[in-house]
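Here's the letter readout for the chains.
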Amino acid sequence: MSALIRRYAAVLCHKRMLKPNYPTLVLTCHVSTWVAPQLNGAAATTGLYGFDHLKTPKGFQRFVDDAIERSGELVNYISSMPSSAEVLRAMDEISNTVCCVVDSAELCRNTHPDREFVEAAGKASMRINEYLHYLNTNHTLYAAVKRAEKDGHLLTKEAHRAANQLRIDFEKGGIHLPPEKLARVNQLHLSILQLSREFGENITIDPGYVDIFPASRIPKHIHHLLKPVHRFTSGSSSGSLGSWNNMKEKGLRITTDHRTLVSVMHWVSDEEVRKMAYIQGNSVPHANLEVLDKLAAARHELAQMMGYRSYAEFVVKPNLASSPEVVISFLHEMSKMVRPRADEEFEAIRNFKREKCGQRCIDLEPWDETYYTAMMKSSAHNLDSSIVASYFPLPQCIEGLKVLVNSLFGAMLHNVPMAPGESWHPDVLKMSLHHPEEGDLGYLYLDLYSRKGKYPGCANFAVKGGCRISETEYQLPVVALLCNFSGSPGSSTVRLNHGDVETLFHEFGHALHSLFSRTDYQHFSGTRVALDFAEMPSNLFEYYAWDYRVLRTFAKHYSTGEIIPEKLVKSMQGARDMFAATELQRQVFYALADQTLFGEQPASPNDMSSILAEFKMQHTSWKHVEGTNWQIRFSHLVNYGAGYYSYLYAKCFAATIWKKLCQEDPLSLTAGTALRTKVLQHGGSKEPAELLNDLVGEGILKHCDGGIVPDITCFLEESRLVVGRR
């Protein structure tokens, strides 16, 4: 963990609690000075994201050079032993300056259609990360931070917290260790980085595939997702008996990447096809068994060299939970409470399958879940996904975000023009978050349409973190919200399924956390909070995508303009809740597996596979399929190692906040103002527990064995997840 760059993958996760094979997350930090271009008459030319350096790909080299030069000046200044307050300001400026390069390079690498820009950004990223190693092992900076932490004359609580966090972050990099140990820690950090990249690359290189013959076994409406293949078969000719000709038979290749696999599991009625696709999709890339084993071993050694019993303890210690024991206790409690309801759901799915299959049905298999639950939801609630999507044209969904901002916070999202060179693609929109009394609060780029070479998931990239520059100046935050919706920009044919709407609102919650942030130090800006608190705002904003009082303000039929019927929304809500216990059970299982893999005794690949198989039987109602290894495609084990539980923490916090603060009137300015002033604007400058208690009072969290766990009551009750609580 870098002292100067506190990176949080939480900001970039695909929404909610992800299933195996979601895209590898990209880690980011906030960036430094950026000035919105002034448009007087003809628009002034600028570079990417408003950085003048980035007018051409070669500008990235100068960008790095200038960042290193300025940081060197600040390091020299700190070595002259200025006051503690000045040390912290200089440290924060170093972080700003370096992150300016890191974040712009990451965003460019993941979104820019020009290969020259992408390659230049990649080289810039490598160079600046090499320089970061110098900064994070600089004993002059470390000594200055330690002196500042002991200084009783710092003026603000945030300054004291900044000094403390900087010191902790430096030590997470091992700077306090003897030289020989520090050298080994540096080797381990490099090894972990390389293994993490290898894990993701293997998933991309080897997604697996299954060839299906004949093509008629696959529904026609998903043929476009698959690749045509052919084979020759022998068949009887129309001539004399015993004469044979080779015949060309058409089939389809299912590439078992996550997106295609989900469609196959959902739509294909042929159970044998689903079985083959499921097994293949959960058995590759086989090389990741060894990669994951090496990664667990490297992380375990790193943690022990840093004085921790396990990597899980190393990760969890600074968070609300404080220890793996608290996390595991929380997960076991949730597993026990949800099991009866999950078993009921399993029986319901099995009975439904037997009704459909008759004597042919032997038992319920993992490859049946998506197919039959989708059928049951549609049958029980008379849902047609195309009808639902007709009420969510993308332009109207963006209007929904504007409605939320105005109703909850008294602010407005305005479309604003970009200077030539500022944008990376014609589809990108830029908006300002504007308050009538406070002026512009920050800027948001929207890059919402799918295109080749773009980051494949949905994400919230930081472009610039907020911080106080002087008594009268504040550096406004800038973020980029990325999605991958299909269609042409501005077209009414771009209609979202409701899952996409939920995703958009989730990522928007992350964006608002950054845009409303008003911390003195960019070190605490926006989502720079404890890992098991970072997803709370985004999970809270998912609720707005489900509430009819919100949906009726923007969800309108793409051709008639009719407001979405309340009856349809209730059907959607009913379908959502039908198998909520099964989904929760799966997430508890993933979180426990994550804690185990990075716990005190890393197992070998074979041992780990058997342990996870046993875990599945203990903590879910579904069987394990021998030979499959879901974990080798579960990127969160790499990006969130020992932190996957944080999704469940966030879900519980969000459920309590929704019920106690927002549910009565989801568009209340009073509730929105409380959310902004008591949580969002503070970023990481205050303890999360303090923010949560201040927002809703008692009953949102509990103290447990030296750590903090969320109260799970609201979360379990809202979807009737516990038997007897109907």
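Residues numbered from 1 in each chain as written. Predicted model: local features only at pLDDT ≥ 70, side-chain atom pairs only at ≥ 80, totals over all residues. Heavy atoms only, no water.

1. Some remarks on the pattern of salt bridges
Put simply, the rule is: A pair is scored as a salt bridge if a Lys or Arg side-chain nitrogen falls within 4 Å of a carboxyl oxygen belonging to Asp or Glu. For helices the rule is a DSSP run of H or I covering at least 4 residues; for strands it is a run of E covering at least 2, with both sets numbered from the N terminus onward. Relative accessible area decides the class of each residue, using a 1.4 Å probe on protein chains only: under 20% of the type maximum gives buried, over 50% gives exposed, and in between gives partly exposed.
Within the structure shown, the criterion is met by 37 salt bridges. Of the charged contacts in the structure, one is a salt bridge between Asp368 and Arg274, with a shortest N-O distance of 2.7 Å. In this pair, Asp368 is assigned in the loop between α11 (324–357) and α12 (369–381) and Arg274 in helix α8 (residues 271–281), connecting sequence segments 94 residues apart. In this structure, Asp368 and Arg274 share a single accessibility class: buried. Where Arg676 meets Glu438, a salt bridge forms, and the shortest distance between an N and an O atom there is 2.7 Å. Taken together, the residues span a long stretch of sequence, with Arg676 in helix α23 (residues 669–678) and Glu438 in the loop between β5 (429–435) and β6 (439–449) at a distance of 238 residues.

2. Looking at the side chain of Ser668
Selection rule: Counted as a polar contact is a pair of N or O atoms within 3.5 Å, where, for protein atoms, one must be capable of donating a hydrogen and the other of accepting one, and residues adjacent in sequence contribute only when both atoms are in side chains. The contact definition used throughout considers only heavy atoms, calling two residues in contact when any of these lie within 4.5 Å.
Positionally, Ser668 belongs in the loop between α22 (646–662) and α23. A polar side-chain atom of Ser668 sits 3.1 Å from the main-chain amide nitrogen of Ala671. Here Ser668 is in contact with Ser407 and Leu408, once residues within four sequence places are set aside.

3. Quick notes on the packing of α23 against helix α24 (residues 688–696)
Where we set the bar: Fitted lines through C-alpha atoms serve as axes, helices being fitted only where they are in contact, and the angles separating the N-to-C directions of these axes extend from 0 to 180 degrees. Small angles under 35 degrees read as roughly parallel and large ones over 145 as roughly antiparallel, with 65 to 115 read as roughly perpendicular and the rest as oblique. Note on convention: the crossing is left-handed when the near helix lies turned anticlockwise from the far helix by less than a right angle, right-handed when the turn is clockwise. Residue classes follow a fixed rule: Ala, Val, Leu, Ile, Met, Phe, Trp, Tyr, Cys and Pro count as nonpolar, while Asp, Glu, Lys and Arg count as charged, and any other residue, Gly among them, counts as polar.
Where α23 meets α24, the axes come as close as 10 Å, and the angle between the chain directions of the two elements is 160°. Between α23 and α24, the crossing angle belongs to the class labelled roughly antiparallel. Helix-helix and strand crossings are classified by hand; for α23 and α24 the assignment is right-handed. Here α23 contributes Ala674, Leu675 and Lys678 to the contact with α24, which in turn contributes Leu691, Asp694 and Leu695. For the contact of α23 with α24, the class distribution of residues is four nonpolar, no polar and two charged.

4. Some details on the side chain of Ser571
With respect to the element layout, Ser571 can be found in helix α18 (residues 566–577). Among all residues touching Ser571, those that are not within four sequence positions of it are His381 and Leu383.

5. Examining the sheet that holds strand β4 (residues 412–415)
Just so we agree on the cut-off: Any two strands with at least two DSSP-identified bridges between them are counted as paired.
The strand order β4-β5-β6-β10-β7 describes an open sheet built from five strands, whose pairing is mixed. Looking along the sheet, the strands with just one partner apiece sit at the ends: β4 and β7 (459–464). On average, each strand axis in the sheet is tilted by 30° relative to the strand beside it, whichever way the strands run. Here four bridges tie β4 to β5, and the two strands are oriented antiparallel to one another. Among the inter-strand pairings, Leu413 is bridged to a residue of β5, identified as Leu433.

6. With respect to the domain arrangement of the protein
Many authors give the size of an interface as the accessible area that is lost as the parts come together. For the record, the criterion: The split of the chain into domains comes from an automatic or database domain assignment. A simple way to read buried area is as the amount of 1.4 Å-probe accessible surface that goes missing from two parts once joined, with both sides added.
Under the domain assignment, the protein is made up of domain 1 (1–9 + 46–176), domain 2 (208–233 + 247–271), domain 3 (318–382 + 578–719) and domain 4 (388–559). Computed from C-alpha atoms alone, the centre-to-centre distance between domain 3 and domain 4 is 25 Å. Domain 3 puts 39 residues into the contact, and the matching count from domain 4 is 34 residues. Note on domain 3 versus domain 4: buried area summed over both sides is about 3100 Å², and carbon and sulfur give 67% of it. Looking at the side of domain 3 facing domain 4, the largest losses of area belong to Leu667, Arg676 and Leu680, adding up to 23% of the total buried there. Taken together, the connections running from domain 3 to domain 4 amount to two salt bridges. Taken together, the links from domain 3 to domain 4 amount to 13 residue pairs in polar contact (both at pLDDT 80 or more). Those elements giving two or more residues to the side of domain 3 that touches domain 4 turn out to be α22, α23 and α24. Ranked by the residues each element gives to the side of domain 3 that touches domain 4, the list is headed by α22, at eleven residues.

7. Remarks on α12
Here is the rule: What a helix is expected to span follows from its residue count: subtract one and scale by 1.5 Å.
Between the first and last C-alpha of α12 there are 18 Å, a value that for 13 residues agrees with the 18 Å anticipated at 1.5 Å per step. Those residues of α12 that sit buried are Glu369, Tyr371, Tyr372, Thr373 and Met376. Turning to α12, the residues buried within the fold contact α7 (258–267), α8, α11 and α19 (580–597). Two residues or fewer after α12 comes Asn382, characterised by a positive phi angle close to 50°.

8. A short note on the pairing of strand β11 (residues 701–704)
As defined by bridge partners, β11 adjoins strand β12 (residues 707–710) across four bridges and the pair is classed as antiparallel. Of the residues in β12, the one forming a bridge with Leu701 is Pro710. With antiparallel pairing between neighbouring strands as the criterion, β11 and β12 make up a hairpin whose turn holds two residues, including Asp705 at a positive phi of roughly 50°.

9. Digging into the environment of Met536
Structurally, Met536 is set in helix α16 (residues 536–544). Taking relative accessible area as the criterion, Met536 reaches 0% and is therefore assigned buried. Sequence spacing of Met536 and Arg552 is 16 residues, and the spatial spacing of their C-alpha atoms is 25 Å.

10. What about the packing of aromatic side chains?
The line we're drawing: Pairing of aromatic side chains here covers Phe, Tyr and the six-membered ring of Trp, requires ring centres within 6.5 Å, and sorts the geometry by plane angle: under 30 degrees stacked, over 60 edge-to-face, intermediate tilted. Counted as over-ring charges are cases with an Arg CZ or a Lys NZ within 6 Å of the ring centre that also lie within 35 degrees of the ring normal.
A full pass over the atoms with the stated rule returns 32 aromatic pairs. Judged by centre distance (5.8 Å) and plane angle (85°), the rings of Tyr455 and Phe461 are edge-to-face. A residue is classified by how much of its surface remains accessible, and Phe461, at 0% relative accessible area, is buried. The ring of Phe524 has Arg161 lying over it, and the distance from NZ or CZ to the ring centre is 5.8 Å.

11. A few points about the nonpolar core
The criterion, for reference: Side-chain atoms within 4.5 Å are what join buried Ala, Val, Leu, Ile, Met, Phe, Trp, Tyr and Cys residues into a set we call a nonpolar core.
The biggest cluster of nonpolar side chains holds 139 residues, and the ones touching the most others in it are Phe392, Leu394, Leu448, Leu504 and Ile564. Shared between two domains, this core takes at least three residues from each, and those domains are domain 3 (318–382 + 578–719) and domain 4 (388–559). If we ignore the near neighbours within four places in the chain, the residues touching Ile564 are Tyr391, Phe392, Tyr548, Leu551, Ala555, Val569 and Met572. Of all hydrophobic cores here, the second largest spans 58 residues; its members include Leu107, Ala120, Leu476 and Tyr521.

12. So, the environment of Ala511
Looking at the secondary structure, you find Ala511 in helix α15 (residues 498–515). Measuring from C-alpha to C-alpha, the distance between Ala511 and Leu648 comes to 20 Å, with 137 residues separating the pair along the chain. Discounting chain neighbours no more than four positions away, the residues touching Ala511 are Leu444, Asn460 and Val479.

13. Structural notes on the environment of His523
Looking at the element boundaries, His523 is found in the loop between α15 and α16. Taking C-alpha positions, His523 is 8.3 Å from Cys467, a pair spaced 56 residues apart along the chain.

14. Quick notes on helix α3 (residues 115–136)
In an α-helix, one turn spans 3.6 residues; hence positions three or four apart end up facing the same way. Its 22 residues give α3 an end-to-end C-alpha distance of 31 Å, which sits within 8% of 32 Å, the value for a rise of 1.5 Å per residue. Taken as a whole, α3 has its buried residues at Phe117, Val118, Ala120, Ala121, Gly122, Ala124, Ser125, Ile128, Tyr131, Leu132, Leu135 and Asn136. The N-terminus of α3 is capped by Asp114, whose side-chain oxygen sits 2.8 Å from the backbone nitrogen of Glu116.

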